[in-house]
Amino acid sequence: MHRGVHGLFALVALATIVALVVLWPQPANVPEGPGRPSGIPQPTGPSATGPSGLPTGGSSGGPTGGATGGPGSPGSPGLPTLPTEPAQTCIDPAPDGLVVLSFNIHGGLGAGGQNLERIAQEIEAWDADVVLLQEVDRFRARSGFVDQPTWLGTRLGMNAVYGRNVVRLPERRGAPRAEYGTALLSRLPVRRWENRMLPRQRGQEQRGLLRATLDLAGRPLDVYNTHLQHTRGTIRIAQLKAARRIVARRSGPGTPFVLGGDLNATPDSPALGVTRSFALDPWPVVGEGEGLTVPARVPRRRIDYVLHSPHLLPTSAQALRSAISDHRAVRVTFDVPRPGCGR
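Residues numbered from 1 in each chain as written. Predicted model: local features only at pLDDT ≥ 70, side-chain atom pairs only at ≥ 80, totals over all residues. Heavy atoms only, no water.

Is there a simple way to think about the sheet that holds strand S6 (residues 178-186) in this case?
In a beta sheet, neighbouring strands are held together by backbone hydrogen bonds and run either parallel or antiparallel to one another. Spatially, S5-S6-S4-S1-S13-S12 is the arrangement adopted by the six strands of the open sheet, whose pairing is mixed. Two strands in the sheet have a free side with no partner beyond their single neighbour: strand S5 (159-168) and strand S12 (313-320). The sheet shows a mean angle of 20° between the axes of neighbouring strands, direction not considered. Pairing of strand S4 (residues 130-138) with S6, which is carried by seven bridges, proceeds in the antiparallel orientation. Bridged to Leu133 within S6 is Ala183. Contacts from helix H3 (residues 148-156) reach S4, S5 and S6 within the one sheet, and its direction differs from that of S4 by about 140°. (Pairing = 2+ DSSP bridges. Helix = DSSP H or I, 4+ residues; strand = E, 2+ residues; numbered from the N terminus. Axes fitted to C-alpha atoms, helices over the stretch in contact; angles between N-to-C directions. Contact = heavy atoms within 4.5 Å.)

Okay, structure coming up:
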């Protein structure tokens, strides 16, 4: 009896264990990772990898505590680093070159009389893109009644504009009114130009500021040319302050400009102090010698200038002797950066 009971209990216990083994639920989708039991085989089949052979799934860390990141990142040890495209390198285009000459031609008058052809030869030899001329005559007896800006433009094959500052009665019967002022010659196309009168005191000669907007490789370049009062420093200060206002209004902060001419003032004068508030002098940076311009034969003072805006980068500056004029010419070369990386 006791043996039959014990056998029955043993049989029931064995059946219970078998039922638990068979019917116990299996875990689904156990994630891979350091926490996976070593006895469970790795998943196989098309659902285990993507097209590239790399594991599929989200990029965020799962229950195993894996770090985020893509293939080859510190959070994905053992995976190869994928190649990346090289960073794009921006190379600035080469700057445009510009040569500017300022020259007081004294009406083409030298020791031997009027010689405008020799003036043209000197300008030609100095090979400038833009030429700022002062003391330029039209229909005056002293210069043979020649229309000097037109003649020089035709002779040199350059565009010419003229700033008439002084007009007098005809100097011979049948002649046009005599004129005196400044001129600008340019190899570059002239978009527009104007001549503005500068302040003066009673009895003083009228002075002007000639402005031309040129086309430099499709971009505007403003060029200003003037010849200031020679007798009093106070009026030169007023004239340069007026020039500063015109430049600020016409050119603004975005347009490169050149301001040149016979300023009748030395670098240490109060008048030149006005120019330092809105223009740069290239001479301390690239000038050859002291830049003295008058008298032409043995110069003792520097009164002729080519100044510029910060957009232009000067590369050389020279004072050049003329065989005709009582002034030396000033020749400055510039690099003009083109729009490029970051501009």
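Text resumes after the structure shown.
Before we go on, may I ask you to explain the nonpolar core in this structure?
Proteins that are soluble and globular tend to have nonpolar side chains buried together. Residues Leu98, Val100, Val130, Leu184 and Phe334 are the most contacted members of the largest nonpolar core, which totals 23 residues. If near-sequence neighbours (up to four positions away) are discounted, Phe334 is found in contact with Asp96, Gly97, Leu98, Val100, Val258, Val306, His308, Leu312, Leu313, Pro314 and Thr315. Membership of the second largest hydrophobic core comes to 22 residues, among which are Leu116, Met158, Ala183 and Leu320. (Core = buried A, V, L, I, M, F, W, Y, C linked by side-chain atoms within 4.5 Å. Buried < 20%, exposed > 50% of the residue type's maximum accessible area, 1.4 Å probe, protein only.)

Explain helix H2 (residues 116-126) here, please?
Count 3.6 residues to each turn of an α-helix, and residues three or four apart come out pointing the same way. Taken as a whole, H2 has its buried residues at Leu116, Ile119, Ala120, Glu122, Ile123 and Trp126. Along the long axis of H2, the arc covered by the buried residues comes to 160°, so they all point the same way. Against the buried residues of H2 lie strand S1 (96-104), strand S3 (113-114), S4, H3, S12 and strand S13 (329-336). (Arc of directions from axis to C-beta.)

Can you walk me through empty space enclosed by the protein in this structure?
With the rule as written, the count across this model stands at one cavity of 30 Å³ or more. In this model, the largest cavity occupies a volume close to 60 Å³. Forming the boundary of the largest cavity are Glu135, Asn165, Tyr180, Gly181, Thr182, Glu205, Gln206, Arg207, Gly208 and His227. A total of three residues in the lining of the largest cavity trace back to one element, the largest contributor, which is S6. Class assignment for the residues of the lining of the largest cavity results in one nonpolar, six polar and three charged. (1 Å grid on protein atoms, 1.4 Å probe; cavity = no way out; pocket = protein on both sides within 12 Å on 5 of 7 lines; lining within 4 Å. Points joined across faces, edges and corners; volume = space filled by probe spheres on them. Nonpolar A, V, L, I, M, F, W, Y, C, P; charged D, E, K, R; others polar.)

What is shown is where atoms sit, not what they do.
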